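# Notes for the structure review
These are the residues of each chain, in order.
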Amino acid sequence: MASQISAVHTPSVALSKYRDQHFKGSRHEQEKLLRLSSTLYIGNLSFYTTEEQIHELFSRCGDVRRIVMGLDKFKKTPCGFCFVEYYARMDAESAMRYINGTRLDDRIVRVDWDAGFVEGRQYGRGKTGGQVRDEYRQDHDLGRGGYGKMVQMGQLGAPTMRD
Amino acid sequence: MNRRRAYEDDGDFYGERNKKRRRVSENQEMEERLETLILRVGENSTSSLESNLEGLVSVLESDLGNFRSKILRILSECPIKMPEKCTIYSTMVGLMNAKNYNFGGEFVEYMVKTFKDSLKQCQWDAARYALRFLADLVNCHVISTNSLLQLLDSMVDAANEDNVPQVRRDWYVFAVLSTLPWVGRELYEKKESALENLLVRIEVFLNKRTKKHHNALRVWSVDAPHPQEEYLDCLWAQIRKLRQDNWTEKHIPRPYLAFDSVLCEALQHNIPVIHPPPHQDSFEYPMPWVVYRMFDYTDCPPGPILPGAHSIERFLIEEHLHSIIETHRWERKDCAIHLLYLSYKEKIPLEYCIVEVIFAELFHMPTPRYLEICYGSILIELCKQQPSKMPQVLAQATEILFMRIDSMNTSCFDRFVNWFSYHLSNFQFRWSWDDWDSCLLLENEHPRPKFIQEVLLKCLRFSYHDRFKEMMPEGYAKLIPKPPMPHYKYSMEGAASLPGTATAHKLVVAIRQKCNAEDVLNELNDLPILGDSSETEMTETTFNPLKIDVFVQTLLNLGSKSFSHTFAAISKFHTVFKSLAETEEAQICILHNMFELWVDHQQMMVVIVDKLLKVQIVECSAVATWVFSKEMVGEFTKMYLWEILHLTIKKMNQHVTKLSREMNEAKDKLARTAESSSSESEDEASTNPQRRRKNADGSGEKPTEEQVERMEEKLEAAYVEQKRLFLIIFQRFIMILSEHLVKCDTDGRDYDTDWYRWTIGRLQQVFMMHHEQVQKYSSTLEGLLFTSDLDPHILDVFHQFTALRA
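Residues numbered from 1 in each chain as written. Chains lettered and ligands numbered in written order. Predicted model: local features only at pLDDT ≥ 70, side-chain atom pairs only at ≥ 80, totals over all residues. Heavy atoms only, no water.

If you look chain B up in an unreviewed UniProt entry, it shows as Nuclear cap-binding protein subunit 1 from Anopheles atroparvus. We quote the UniProt Sequence similarities (unreviewed entry) comment for chain B here in full: "Belongs to the NCBP1 family." In its Subcellular location (unreviewed entry) section, UniProt records this for chain B: "Nucleus". (UniProt positions renumbered as here; feature names shortened; annotations may be inferred.)

Chain A is annotated in an unreviewed UniProt entry as Nuclear cap-binding protein subunit 2 of Anopheles atroparvus. Entered under Subcellular location (unreviewed entry) in the UniProt record, the comment concerning chain A runs "Nucleus". Of the comments in the UniProt record for chain A, the one headed Sequence similarities (unreviewed entry) reads "Belongs to the RRM NCBP2 family."

Okay, the overall build of chain A next. For chain A, the count of helices and strands is five helices and six strands. Counted from the first residue to the last, chain A has its helices and strands arranged as α-β-α-β-β-α-β-β-β-α-α. Each principal axis of the C-alpha distribution contributes one length, and for chain A these read about 50 × 35 × 30 Å. Counting all 163 residues of chain A, 55% fall into the buried class. Within chain A, counting contacts between residues at least 6 apart in sequence, those at least 24 apart form 62% of the total. Here chain A contributes 25 positively and 21 negatively charged side chains, and the mean placements of these two sets differ by 6 Å. (Helix = DSSP H or I, 4+ residues; strand = E, 2+ residues; numbered from the N terminus. Buried < 20%, exposed > 50% of the residue type's maximum accessible area, 1.4 Å probe, protein only. Contact = heavy atoms within 4.5 Å. Lys, Arg positive; Asp, Glu negative; His and termini not counted. Charge placed at Lys NZ, Arg CZ, Asp CG, Glu CD.)

On a plain count of helices and strands, chain B comes out with 37 helices and two strands. Residue burial in chain B is summarised as follows: out of 806 residues, 52% are buried. Taking the intrachain contacts of chain B between residues at least 6 apart in sequence as the baseline, contacts between residues at least 24 apart amount to 76%. Carbon and sulfur atoms form 50% of the exposed surface of chain B, whose accessible area is close to 37700 Å². Between the averaged position of the 94 positive side-chain charges in chain B and that of its 116 negative side-chain charges there is a distance of 4 Å. (Areas by Shrake-Rupley, 256 points an atom, 1.4 Å probe, with all protein chains shown as cover.)

Turning our attention to unusual backbone geometry. Look at the link from A224 of chain B to P225 of chain B: it is a cis peptide, with omega at -10°. Residue P366 of chain B is reached from M365 of chain B by a cis peptide bond, and omega for that bond is 5°. Structurally, P366 of chain B can be placed in the loop between α16 (350–362) and α17 (372–385). Phi at N44 of chain A takes a positive value of approximately 65°, unusual for a residue other than glycine.

Next up on the list: the pairing of strand β1 (residues 39–43) of chain A. Residue and element names in this part refer to chain A. For β1, the buried fraction is high: five of the five residues fall into the buried class. Neither face of β1 is left uncovered, since the one carrying T39, Y41 and G43 and the one carrying L40 and I42 both have all their residues buried. In the sheet, β1 pairs with strand β3 (residues 78–86) via four bridges, with the strands oriented antiparallel. Residue Y41 lies in a different strand from β3, and its bridge partner there is F83. Sheet analysis places β1 next to strand β6 (residues 110–114), joined by five bridges and oriented antiparallel. Bridge pairing in β6 places I42 opposite V111. (Pairing = 2+ DSSP bridges.)

Residue and element names in this part refer to chain B. Under the definition given, this model contains 72 salt bridges over all chains. For K458, the salt bridge goes to E643, with nearest N and O atoms at 4.0 Å. Taken together, the residues span a long stretch of sequence, with K458 in helix α20 (residues 447–462) and E643 in helix α31 (residues 639–679) at a distance of 185 residues. Accessibility expressed as a relative area gives 6% for K458, which makes it buried. Of the residues examined, E643 reaches a relative accessible area of 27% and is grouped as partly exposed. The partner of R710 in a salt bridge is E706, with the nearest N and O atoms 3.9 Å apart. (Salt bridge = Lys/Arg side-chain N within 4 Å of Asp/Glu carboxyl O.)

This part is about the packing of α17 of chain B against helix α18 (residues 390–403) of chain B. Residue and element names in this part refer to chain B. Viewed as axis vectors pointing N to C, α17 and α18 meet at an angle of 135°, and their least axial separation amounts to 8 Å. By the angle between their axes, α17 is oblique relative to α18. In this structure, α17 uses L379, L382 and C383 to contact α18, whose residues at the interface are M390, P391 and L394. Here the residues of the contact of α17 with α18 are counted per class, giving six nonpolar, no polar and no charged. (Axes fitted to C-alpha atoms, helices over the stretch in contact; angles between N-to-C directions. Parallel < 35°, antiparallel > 145°, perpendicular 65-115°, else oblique. Nonpolar A, V, L, I, M, F, W, Y, C, P; charged D, E, K, R; others polar.)

When the parts of a complex come together, some accessible area is lost, and that lost area is often taken as the interface size. Taken together, the contacts link 42 residues of chain B with 49 residues of chain A. Together chain B and chain A conceal approximately 4300 Å² of surface at their shared face, both sides included; 49% is due to carbon and sulfur atoms. Summed over the shared surface of chain B and chain A, the number is two salt bridges. Put simply, D106 of chain A and R467 of chain B hold a salt bridge, and the shortest N to O gap is 3.1 Å. When contributions to the side of chain B that touches chain A are tallied by element, the ones reaching two or more residues are α1 (13–19), α17, α19 (410–425), α20, α26 (563–572) and α29 (602–614) of chain B. A total of four residues in the side of chain B that touches chain A trace back to one element, the largest contributor, which is α19 of chain B. (Buried area = accessible area lost by both parts, 1.4 Å probe.)

A word on the packing of aromatic side chains. Residue and element names in this part refer to chain B. All chains considered together, the criterion is met by 55 aromatic pairs over all chains. Seen in terms of ring centroids, Y292 and F363 are 6.0 Å apart; in terms of plane orientation they differ by 45°. Their pairing is tilted. One end of the pair, Y292, is in the loop between β2 (290–291) and α14 (312–327); the other, F363, is in the loop between α16 and α17, and 71 residues separate them in sequence. Overall, Y292 belongs to the buried group, its relative accessible area being 5%. Taking the centre distance of 5.7 Å and the plane angle of 70° together, the rings of Y488 and Y490 count as edge-to-face. For the pair formed by Y488 and Y490, the shared burial category is buried. Residue placement shows R404 over the ring face of W220; its charged tip is 3.8 Å from the ring centre. Across the ring face of F567, the terminal group of K611 is positioned such that the distance to the ring centre comes to 4.8 Å. (Phe/Tyr/Trp six-rings, centres within 6.5 Å; stacked < 30°, edge-to-face > 60°. Lys NZ or Arg CZ within 6 Å of the ring centre and 35° of its normal.)

Residue and element names in this part refer to chain B. Between its terminal C-alpha atoms helix α4 (residues 86–99) stretches 20 Å, which fits the 20 Å expected from 14 residues at 1.5 Å a residue. For α4, the buried fraction is high: 12 of the 14 residues fall into the buried class. Looking at the packing, one finds that the buried side of α4 touches α2 (26–40), α3 (49–81), α5 (101–120), α6 (124–139), α9 (180–190) and α13 (260–263). (Expected span 1.5 Å × (residues − 1).)

Residue and element names in this part refer to chain A. In spatial order, the strands read β2-β3-β1-β6; together these four strands make up an open sheet with antiparallel pairing. Among the strands making up the open sheet, the edge pair consists of β2 (64–71) and β6. When the angles between neighbouring strand axes are averaged without regard to direction, this sheet yields 25°. Packing of helix α3 (residues 89–98) onto the sheet brings it into contact with β1, β3 and β6, and relative to β6 it is tilted by some 150°.

On to the environment of E474 of chain B, then. Tracing the backbone shows E474 of chain B in the loop between α21 (467–471) and α22 (501–512). Sequence-wise, E474 of chain B and F801 of chain B are 327 residues apart; in three dimensions their C-alpha atoms are separated by 44 Å.

Time to look at the side chain of S421 of chain B. Residue position: S421 of chain B is located in helix α19. Residue S421 of chain B is classed as buried on the basis of its relative accessible area, which comes to 0%. When neighbours within four sequence positions are excluded, S421 of chain B is seen to be in contact with R60 of chain A together with F429, V455, K458, C459 and F462 of chain B.

Bringing the nonpolar core into the picture now. It is characteristic of soluble globular proteins that their nonpolar side chains tend to be buried jointly. By size, the foremost hydrophobic cluster in this structure holds 196 residues, and its most contacted members are F58 of chain A together with F359 of chain B. Take this core: its biggest share by element is 10 residues, from α16 of chain B. Non-local contacts of F58 of chain A, meaning those with residues more than four positions away in its chain, are made with I42, V64, V84, Y86, A95, I99, L104 and V111 of chain A. Grouped together as the second largest cluster of nonpolar side chains are 90 residues, V41, I74, I88 and L180 of chain B included. (Core = buried A, V, L, I, M, F, W, Y, C linked by side-chain atoms within 4.5 Å.)

We now examine helix α8 (residues 166–177) of chain B. All names here are of chain B. Taking 1.5 Å per residue, 12 residues should reach 16 Å; α8 reaches 16 Å between its end C-alpha atoms and fits that length. Along α8, 11 of the 12 residues are buried, which leaves the element largely enclosed by surrounding structure. Among the residues of α8, Q166, V167, R168, D170, W171, Y172, V173, F174, A175, V176 and L177 are the ones counted as buried.

This is the structure we're talking about:
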């Protein structure tokens, strides 16, 4: 189904600086898809946030086509992100405008454009199976398994990564 | 925290375009500078507004030679796009007219054309702001009072035409009234009797108009403590008060007063006689509204006083706030900033005005202008930016709304539930529940406990069941929803005595071993058709309620882990569903079995019904019939059931809209290619690939007449289905409401029970939520269902609905 670019381009719906390193195609192609996409990446979820909770919130912006939960590559359990696909781009834009930076399950969530779900992208890309950010972070986050993996494994001196 | 590498910000398409190096002519740069200067005038500056205006005017003067048409265009657009800056632009035009009479004349002509065009294009807000600007130009000695009065009189003439919709006539009077705060004083000083005549004419008009629509638009059914005034009534009362005060108006900034000595020397122009474009059937006019009020000055803490309900200031402030929301609805941070930094914020209890206006939009009937979550997120942003005041005002507003919930209409009740649960989910569900515990003494169907119950059900969707123990005081136990677990009877106590248990267990094993649809059907074949054997011989359908029971409950229970699991299960055994659900009766049976399993997980039922409709296992009409079925009587006043009905109606509406759009696109293409093929040679058409147009289905060829015909047929069939759906729903409503009214009459009971109010409220909600689609069938509904012999309580709801567009 053709998704149309919104006529109202304001900062909330602009592309962020993130580009998927594993994207099969050129940077230009990726950006083209991002501008037409009606799929969103949702980040900073708790490991315990359910599909049902995500559905309730994101349905308030329009009909959700599907939700794909992000999973730990080995454990196959939720690891704190997901994809939300709408039928209409307009609805995805609404989520960027009204949900990004608000709370779901008590956590501020990040909503960003995604070029489109492809099988395999539901898995964390960190070495230990979760998201990369959980490998290196040094804070204690109860909803995301406590300390980052490198801290947990006693590997001090892990580089501090900016978000 | 993450390893996403920061790349240069070359990603934003629009940014790219701006950053591309390109050759700009000096002219183009100049034009853009001029535009910016004009757009930005009056905004943050170290120098005074007067000197800014003087400076800009002399710049424009000198540039008139090269940029005349651009300047004309921008100066006429700005007061429409930024109506709150109307007086700034009228002052500019006034100063330019004082120096250059010809420019003034040209501008007036241009502005008149702009006004007329907006009337022709049904751009009602633009037209109103244009009219207001023309009126303000009288204050700046650009336009004569006589010719303005003539224009206003011809607007009132339009309001007095016969055989045109009332909404049109109302708009013309509304437009005239909304210019008077700007120009009333000037007209009073110079042409008092003509102004009086105008007002008398308007008063006569207002006394004659019907306001049947009023009740449909009210948020609360009672007028205490604040009346829900019809919008024209309210504005008229405000203008009357202004007139009583000799048109002294202090709220609107008037920069032209500082330039009076210059402006009064200017020669004025006359507006040519304008005839409003006559009504056409295709014209759509704004619908009426009520002025939403929830606060008066007693609600506000000591400080600046909230202007009274009939003060013109209240009108001006509210209009301004609504216009800020309209302009900044795409960026909630900007919206909050603009709302909080009004130039006159020190003079009013700002947070109260803002909160009142936002709830006005949220509760607007028939439907809010924007997404409900837009308002919710703006309120959250406001709390973030004004943490010392906004949260308290919002809490106070919530209290007020809860106290008055007994008389709130059902559509607004739903929106209040949705908003409050969403808001709580952003603030750890913290609320002073104890303050409301008197509601626990009321019947569960009473709006107050019902509100809390529905809020908790929504909060459950946002969180999880155990959360309630922390959240709620003990007394609220009876309102807390049950844990959202499935009830699979085939593995519960007593399962042994059920007829389907053995098959159910076999099915579970088979499905876990990854069997296919055929295997499932084979297992189900073991099940007998229960009931009267003589009946079963007569029916030829494969409708076997027991098969449906065992299959649906078993499968959905196996997929109960999450929505995705359920959807995967439905998808995998889609063909089984299809073969079992050939009739409407069978489809209703599927829905009923879903309900038996998932009675305690409302959200799950909503998404399952949505899915079943989407993959066409059940039809919209089956869902509608199921909602009104005997089995669902106990659920009838629960919000989720109406969530289901409305999503069903929406699906039907979307289906119709899609087919209609596709057909129109195809028709257009057919017409265009017919035109172009007659004007171009065959050779040209075949060698020029850009001439190829895409069909609605994506094929590269132009549509054939046959294809368009088939589309028309499909659309016709869809209309029939849609009409049938509405007829089913309205007919059921009429039946159950009539039954109730008759029964109460014969039993000598009061009909006005909680159930009655909820039900009549749901009937009204169907009209309001889907008014655009329903109104297509108004005459059918009137002829078939809403006939004059119907109980007036029911008939009234229909009449209020039709009055919205009368």
